[in-house]
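Inside the fold
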Amino acid sequence: MDNRPIGFFDSGLGGLTCIPYLMKELPEEKIIYFGDTARTPYGSKATNTIRNFSMEIADFLVKSDVKMIVIACNTVSATCVDELRERFPEIPIVGIIEPAAKKVAETCQTGSNVGIIGTKVTIAAHAYKDSISKYNNFLNIFESPCPAFVPLIEEGITENEIMDLTIKYYMDGFVNDNELDTVILGCTHYPLIKKNIARIYPGLTVIDPSSIVVSRIHHLLEDNDMLAVDSDFTNLFYASDLSENFLNMIEHIFEEEEEDKKVKFLNFDLEGEVK
(Lines give C-alpha, C1' and ligand atoms only; values in the text may rest on other atoms or scores of the structure.)
Protein backbone atom coordinates (compact mmCIF):
# COMPACT_ATOMS: atom_id res chain seq x y z
CA MET A 1 0.00 0.00 0.00
CA ASP A 2 1.21 3.48 -0.86
CA ASN A 3 -1.17 6.42 -0.51
CA ARG A 4 1.19 9.00 -1.96
CA PRO A 5 -0.05 10.66 -5.16
CA ILE A 6 0.94 9.87 -8.73
CA GLY A 7 2.70 12.70 -10.54
CA PHE A 8 1.70 13.52 -14.12
CA PHE A 9 3.27 16.15 -16.34
CA ASP A 10 2.87 17.51 -19.84
CA SER A 11 3.89 20.54 -21.87
CA GLY A 12 0.35 21.87 -21.43
CA LEU A 13 -3.20 20.66 -21.03
CA GLY A 14 -2.94 17.61 -23.32
CA GLY A 15 -1.81 15.28 -20.54
CA LEU A 16 -5.14 15.88 -18.82
CA THR A 17 -6.62 13.38 -21.30
CA CYS A 18 -5.03 10.58 -19.23
CA ILE A 19 -6.78 11.60 -16.00
CA PRO A 20 -10.36 10.33 -16.64
CA TYR A 21 -9.03 6.87 -17.51
CA LEU A 22 -6.99 6.76 -14.30
CA MET A 23 -9.94 7.88 -12.18
CA LYS A 24 -12.16 5.22 -13.70
CA GLU A 25 -9.70 2.32 -13.41
CA LEU A 26 -7.97 3.36 -10.17
CA PRO A 27 -10.44 5.53 -8.23
CA GLU A 28 -8.43 5.45 -4.99
CA GLU A 29 -5.33 6.95 -6.60
CA LYS A 30 -4.64 10.66 -6.13
CA ILE A 31 -2.95 13.02 -8.53
CA ILE A 32 -0.48 15.86 -8.77
CA TYR A 33 -0.54 17.20 -12.31
CA PHE A 34 1.81 19.79 -13.79
CA GLY A 35 1.08 21.45 -17.13
CA ASP A 36 3.83 23.70 -18.45
CA THR A 37 1.33 25.99 -20.13
CA ALA A 38 3.65 29.02 -20.04
CA ARG A 39 6.18 27.25 -22.29
CA THR A 40 3.96 25.11 -24.49
CA PRO A 41 4.27 23.71 -27.10
CA TYR A 42 7.35 21.53 -26.62
CA GLY A 43 7.03 19.86 -30.01
CA SER A 44 8.90 22.54 -31.94
CA LYS A 45 11.65 23.17 -29.37
CA ALA A 46 15.25 21.91 -29.29
CA THR A 47 15.86 18.60 -27.54
CA ASN A 48 18.13 20.19 -24.90
CA THR A 49 15.42 22.72 -24.06
CA ILE A 50 12.81 19.97 -23.69
CA ARG A 51 15.19 17.99 -21.49
CA ASN A 52 15.89 20.98 -19.21
CA PHE A 53 12.21 21.80 -18.82
CA SER A 54 11.39 18.16 -18.07
CA MET A 55 14.10 17.89 -15.41
CA GLU A 56 12.76 21.01 -13.68
CA ILE A 57 9.24 19.61 -13.55
CA ALA A 58 10.36 16.15 -12.45
CA ASP A 59 12.39 17.77 -9.64
CA PHE A 60 9.24 19.55 -8.49
CA LEU A 61 7.18 16.34 -8.54
CA VAL A 62 9.81 14.36 -6.64
CA LYS A 63 9.98 17.10 -3.98
CA SER A 64 6.18 16.83 -3.77
CA ASP A 65 6.67 13.18 -2.69
CA VAL A 66 4.93 11.43 -5.56
CA LYS A 67 5.26 7.64 -5.72
CA MET A 68 5.43 7.51 -9.53
CA ILE A 69 5.93 9.93 -12.42
CA VAL A 70 3.89 9.56 -15.59
CA ILE A 71 5.22 11.45 -18.59
CA ALA A 72 1.88 12.38 -20.16
CA CYS A 73 3.69 13.94 -23.10
CA ASN A 74 4.81 12.12 -26.22
CA THR A 75 7.48 14.72 -27.02
CA VAL A 76 9.18 14.22 -23.64
CA SER A 77 8.74 10.45 -23.83
CA ALA A 78 10.38 10.47 -27.26
CA THR A 79 13.38 12.54 -26.22
CA CYS A 80 14.45 12.14 -22.60
CA VAL A 81 12.65 9.37 -20.69
CA ASP A 82 15.95 7.49 -20.22
CA GLU A 83 17.68 10.58 -18.81
CA LEU A 84 14.82 11.12 -16.37
CA ARG A 85 15.06 7.52 -15.18
CA GLU A 86 18.80 7.88 -14.69
CA ARG A 87 18.35 11.05 -12.64
CA PHE A 88 15.56 9.61 -10.47
CA PRO A 89 16.34 5.88 -10.14
CA GLU A 90 14.41 5.61 -6.89
CA ILE A 91 11.01 6.30 -8.48
CA PRO A 92 9.13 4.50 -11.28
CA ILE A 93 8.86 6.68 -14.39
CA VAL A 94 6.33 5.72 -17.05
CA GLY A 95 6.51 7.10 -20.57
CA ILE A 96 3.41 7.14 -22.74
CA ILE A 97 4.92 5.72 -25.94
CA GLU A 98 6.11 2.24 -24.98
CA PRO A 99 2.75 0.90 -23.63
CA ALA A 100 0.89 2.11 -26.73
CA ALA A 101 3.53 0.76 -29.10
CA LYS A 102 3.33 -2.68 -27.48
CA LYS A 103 -0.47 -2.66 -27.65
CA VAL A 104 -0.45 -1.76 -31.35
CA ALA A 105 2.16 -4.43 -32.10
CA GLU A 106 0.04 -7.06 -30.36
CA THR A 107 -3.35 -6.14 -31.82
CA CYS A 108 -2.73 -5.02 -35.40
CA GLN A 109 -2.78 -7.70 -38.08
CA THR A 110 0.29 -8.52 -40.15
CA GLY A 111 0.58 -6.11 -43.07
CA SER A 112 -1.56 -3.40 -41.44
CA ASN A 113 -0.81 0.15 -42.55
CA VAL A 114 -0.33 2.10 -39.33
CA GLY A 115 0.04 5.88 -39.32
CA ILE A 116 1.55 7.91 -36.50
CA ILE A 117 0.76 11.60 -36.10
CA GLY A 118 2.51 13.81 -33.56
CA THR A 119 4.66 16.86 -33.00
CA LYS A 120 7.74 17.51 -35.12
CA VAL A 121 10.05 16.33 -32.35
CA THR A 122 8.13 13.11 -31.67
CA ILE A 123 7.99 12.19 -35.35
CA ALA A 124 11.66 13.09 -35.95
CA ALA A 125 12.69 10.81 -33.08
CA HIS A 126 10.85 7.82 -34.69
CA ALA A 127 10.04 6.70 -31.15
CA TYR A 128 6.75 4.99 -31.98
CA LYS A 129 8.09 3.35 -35.12
CA ASP A 130 11.16 1.98 -33.35
CA SER A 131 9.15 0.78 -30.34
CA ILE A 132 6.50 -0.96 -32.45
CA SER A 133 9.17 -2.64 -34.57
CA LYS A 134 10.76 -4.15 -31.45
CA TYR A 135 7.56 -6.10 -30.83
CA ASN A 136 6.28 -6.60 -34.37
CA ASN A 137 8.30 -6.09 -37.52
CA PHE A 138 5.47 -7.07 -39.86
CA LEU A 139 3.51 -3.82 -39.84
CA ASN A 140 3.84 -0.98 -42.33
CA ILE A 141 4.56 2.16 -40.31
CA PHE A 142 4.13 5.69 -41.65
CA GLU A 143 4.77 8.96 -39.78
CA SER A 144 3.61 12.53 -40.23
CA PRO A 145 3.98 15.66 -38.05
CA CYS A 146 0.92 17.83 -37.43
CA PRO A 147 2.43 20.88 -35.70
CA ALA A 148 -0.63 23.17 -35.81
CA PHE A 149 -2.86 20.82 -33.82
CA VAL A 150 -1.41 21.62 -30.38
CA PRO A 151 -1.70 25.43 -30.46
CA LEU A 152 -5.25 25.19 -31.81
CA ILE A 153 -6.25 22.71 -29.10
CA GLU A 154 -4.58 24.82 -26.40
CA GLU A 155 -6.77 27.71 -27.57
CA GLY A 156 -9.90 25.57 -27.39
CA ILE A 157 -10.36 25.58 -31.16
CA THR A 158 -11.58 22.00 -31.59
CA GLU A 159 -15.21 21.54 -32.54
CA ASN A 160 -15.42 23.81 -35.54
CA GLU A 161 -14.58 24.15 -39.23
CA ILE A 162 -11.09 25.56 -38.57
CA MET A 163 -10.01 22.37 -36.83
CA ASP A 164 -11.66 20.13 -39.42
CA LEU A 165 -9.88 21.97 -42.25
CA THR A 166 -6.56 21.68 -40.39
CA ILE A 167 -7.07 17.94 -39.89
CA LYS A 168 -7.80 17.51 -43.60
CA TYR A 169 -4.78 19.64 -44.52
CA TYR A 170 -2.41 17.37 -42.60
CA MET A 171 -4.13 14.02 -42.95
CA ASP A 172 -5.98 13.67 -46.27
CA GLY A 173 -2.88 12.83 -48.28
CA PHE A 174 -1.28 10.93 -45.41
CA VAL A 175 -4.29 8.64 -44.92
CA ASN A 176 -5.15 8.12 -48.58
CA ASP A 177 -1.67 7.84 -50.12
CA ASN A 178 -0.59 5.24 -47.55
CA GLU A 179 -3.98 3.45 -47.43
CA LEU A 180 -3.96 3.65 -43.64
CA ASP A 181 -6.24 1.39 -41.63
CA THR A 182 -4.97 2.57 -38.22
CA VAL A 183 -3.68 5.84 -36.82
CA ILE A 184 -1.95 6.43 -33.48
CA LEU A 185 -2.56 9.76 -31.74
CA GLY A 186 1.09 10.43 -30.92
CA CYS A 187 0.40 13.48 -28.78
CA THR A 188 -1.73 13.64 -25.63
CA HIS A 189 -3.46 16.74 -26.98
CA TYR A 190 -4.83 14.82 -29.96
CA PRO A 191 -7.51 12.78 -28.08
CA LEU A 192 -9.31 16.12 -27.78
CA ILE A 193 -9.89 15.95 -31.55
CA LYS A 194 -10.33 12.18 -31.73
CA LYS A 195 -14.04 12.56 -32.55
CA ASN A 196 -13.19 14.92 -35.40
CA ILE A 197 -10.69 12.46 -36.89
CA ALA A 198 -13.09 9.51 -36.52
CA ARG A 199 -15.87 11.49 -38.21
CA ILE A 200 -13.71 12.66 -41.12
CA TYR A 201 -12.12 9.22 -41.65
CA PRO A 202 -14.83 6.73 -40.58
CA GLY A 203 -12.91 3.66 -41.79
CA LEU A 204 -9.85 4.46 -39.70
CA THR A 205 -9.11 2.77 -36.37
CA VAL A 206 -7.93 5.51 -33.99
CA ILE A 207 -5.56 4.48 -31.17
CA ASP A 208 -5.45 6.68 -28.06
CA PRO A 209 -2.28 6.10 -25.95
CA SER A 210 -3.79 8.20 -23.13
CA SER A 211 -6.09 5.29 -22.27
CA ILE A 212 -3.50 2.56 -22.79
CA VAL A 213 -0.89 4.01 -20.41
CA VAL A 214 -3.27 3.61 -17.44
CA SER A 215 -3.08 -0.18 -17.74
CA ARG A 216 0.70 0.08 -17.48
CA ILE A 217 0.36 2.28 -14.38
CA HIS A 218 -2.03 -0.22 -12.81
CA HIS A 219 0.30 -3.18 -13.39
CA LEU A 220 3.33 -1.36 -11.97
CA LEU A 221 1.50 -0.25 -8.84
CA GLU A 222 0.05 -3.72 -8.30
CA ASP A 223 3.34 -5.54 -8.89
CA ASN A 224 5.16 -3.26 -6.44
CA ASP A 225 2.41 -3.24 -3.78
CA MET A 226 1.93 0.51 -4.29
CA LEU A 227 -1.83 0.73 -4.81
CA ALA A 228 -3.59 3.37 -2.71
CA VAL A 229 -6.21 2.34 -0.17
CA ASP A 230 -8.80 4.75 1.23
CA SER A 231 -6.46 7.68 0.67
CA ASP A 232 -7.50 11.21 1.65
CA PHE A 233 -5.77 13.67 -0.64
CA THR A 234 -6.74 16.75 -2.59
CA ASN A 235 -5.94 16.33 -6.28
CA LEU A 236 -3.59 19.15 -7.25
CA PHE A 237 -3.42 20.60 -10.75
CA TYR A 238 -0.50 22.98 -11.27
CA ALA A 239 0.16 25.13 -14.32
CA SER A 240 3.05 27.45 -15.10
CA ASP A 241 0.37 29.74 -16.54
CA LEU A 242 -3.03 29.11 -14.96
CA SER A 243 -4.95 30.13 -18.04
CA GLU A 244 -8.69 30.10 -18.61
CA ASN A 245 -8.25 27.30 -21.16
CA PHE A 246 -6.46 25.12 -18.58
CA LEU A 247 -9.19 25.67 -15.99
CA ASN A 248 -11.93 25.01 -18.55
CA MET A 249 -10.33 21.71 -19.52
CA ILE A 250 -10.10 20.53 -15.91
CA GLU A 251 -13.71 21.53 -15.30
CA HIS A 252 -14.73 19.57 -18.39
CA ILE A 253 -12.90 16.48 -17.12
CA PHE A 254 -14.53 16.70 -13.71
CA GLU A 255 -18.03 17.55 -14.87
CA GLU A 256 -19.18 13.94 -14.53
CA GLU A 257 -17.26 13.25 -11.32
CA GLU A 258 -18.79 13.24 -7.86
CA GLU A 259 -19.58 16.67 -6.47
CA ASP A 260 -17.35 16.08 -3.45
CA LYS A 261 -14.27 15.29 -5.54
CA LYS A 262 -11.39 17.21 -3.97
CA VAL A 263 -9.59 19.35 -6.51
CA LYS A 264 -7.31 22.35 -6.16
CA PHE A 265 -5.86 24.52 -8.92
CA LEU A 266 -2.53 26.26 -8.38
CA ASN A 267 -0.36 28.58 -10.42
CA PHE A 268 3.33 27.69 -10.34
CA ASP A 269 5.64 30.29 -11.81
CA LEU A 270 9.01 29.58 -13.40
CA GLU A 271 10.84 30.79 -10.26
CA GLY A 272 9.32 27.92 -8.33
CA GLU A 273 6.75 29.86 -6.35
CA VAL A 274 3.22 28.64 -5.89
CA LYS A 275 0.58 31.38 -6.11
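Here is a short report on the structure shown in this document. (Residues numbered from 1 in each chain as written. Predicted model: local features only at pLDDT ≥ 70, side-chain atom pairs only at ≥ 80, totals over all residues. Heavy atoms only, no water.)

1. Looking at the overall build of the protein
In terms of regular secondary structure, the protein is built from twelve helices and ten strands. A compact globule built from 275 residues would reach a C-alpha radius of gyration of about 19 Å, and the protein, at 18 Å, matches this within 12%. Oriented by its inertia axes, the alpha-carbon framework of the protein measures out at about 50 × 40 × 40 Å. Taken over 275 residues, the protein has a buried fraction of 55%. Residue pairs in contact within the protein that sit at least 24 positions apart in sequence constitute 77% of those at least 6 positions apart. Of the accessible surface of the protein, which amounts to about 12,500 Å², a share of 46% is contributed by carbon and sulfur atoms. (Helix = DSSP H or I, 4+ residues; strand = E, 2+ residues; numbered from the N terminus. Rg over C-alpha atoms; globule rule 2.2 N^0.38 Å. Buried < 20%, exposed > 50% of the residue type's maximum accessible area, 1.4 Å probe, protein only. Contact = heavy atoms within 4.5 Å. Areas by Shrake-Rupley, 256 points an atom, 1.4 Å probe, with all protein chains shown as cover.)

2. Overview of the sheet that holds strand β5 (residues 113–118)
A sheet is described by the order of its strands in space; here four strands give the open sequence β6-β5-β7-β8, paired in parallel fashion. If you trace the sheet from one side to the other, it starts and ends with β6 (140–145) and β8 (205–207), each paired once. Strand-to-strand twist in this sheet, taken as the mean axis angle between neighbours without regard to direction, amounts to 25°. Examined bridge by bridge, β5 and strand β7 (residues 182–186) share five bridges and lie parallel to one another. Residue pairing in the sheet places Gly-115 in a bridge with Val-183 of β7. Here helix α7 (residues 127–135) sits on the sheet in contact with β5, β6 and β7, set at roughly 125° to β7. Relative to the sheet, helix α9 (residues 161–177) contacts β5, β6 and β7, its axis offset from that of β6 by approximately 160°. (Pairing = 2+ DSSP bridges. Axes fitted to C-alpha atoms, helices over the stretch in contact; angles between N-to-C directions.)

3. Notes on the pattern of salt bridges
With the rule as written, the count across this model stands at nine salt bridges. A salt bridge links Arg-4 to Asp-2; the nearest nitrogen and oxygen atoms lie 2.8 Å apart. Judged by its relative accessible area of 13%, Asp-2 falls in the buried class. Note that Lys-134 is salt-bridged to Glu-98, the shortest N-O span being 3.2 Å. Taken together, the positions of Lys-134 in helix α7 and Glu-98 in helix α5 (residues 97–107) put the pair 36 residues apart, joining distant regions of the chain. Residue Lys-134 is classed as exposed on the basis of its relative accessible area of 59%. Counted as one network, the salt bridges with shared partners bring together Asp-2, Arg-4 and Asp-65. (Salt bridge = Lys/Arg side-chain N within 4 Å of Asp/Glu carboxyl O.)

4. Things to note about the pairing of strand β2 (residues 31–35)
Each regular strand displays side chains that alternate between the two surfaces of the sheet. Counted residue by residue, β2 has five buried out of five residues, so it is predominantly covered. Where burial is concerned, the two faces of β2 agree: the one with Ile-31, Tyr-33 and Gly-35 and the one with Ile-32 and Phe-34 are both buried.

5. Things to note about unusual backbone geometry
In this structure, Pro-41 follows Thr-40 across a cis peptide bond, with omega equal to 0°. Along the chain, the position of Pro-41 falls in the loop between β2 and α2 (47–63). The backbone of Asp-65 shows a phi angle near 65°, a positive value even though the residue is not glycine. Positive phi, close to 50°, is recorded for Glu-179, a residue that is not glycine. Position of Glu-179 relative to the elements: it lies in the loop between α9 and β7.

6. Observations regarding the packing of aromatic side chains
Taken as a whole and assessed by the stated rule, the structure comprises seven aromatic pairs. Here the aromatic rings of Phe-149 and Tyr-170 are separated by 5.4 Å at their centres, their planes lie at 90°, and the arrangement is edge-to-face. Of the two residues, Phe-149 is situated in helix α8 (residues 149–154) and Tyr-170 in helix α9; the sequence distance between them amounts to 21 residues. Side by side, Phe-149 and Tyr-170 carry an identical accessibility label, which is buried. (Phe/Tyr/Trp six-rings, centres within 6.5 Å; stacked < 30°, edge-to-face > 60°.)

7. Things to note about the pairing of strand β1 (residues 6–10)
Within β1, five of the five residues are buried, which leaves it mostly tucked inside the rest of the structure. Where burial is concerned, the two faces of β1 agree: the one with Ile-6, Phe-8 and Asp-10 and the one with Gly-7 and Phe-9 are both buried. Direction of pairing for β1 relative to β2: parallel, over a ladder of five bridges. Within β2, the position partnered with Phe-9 by the bridge is Phe-34. The pairing of β1 with strand β3 (residues 68–71) spans four bridges and is classified as parallel. Looking at the pairing, Phe-8 lines up with Val-70 of β3.

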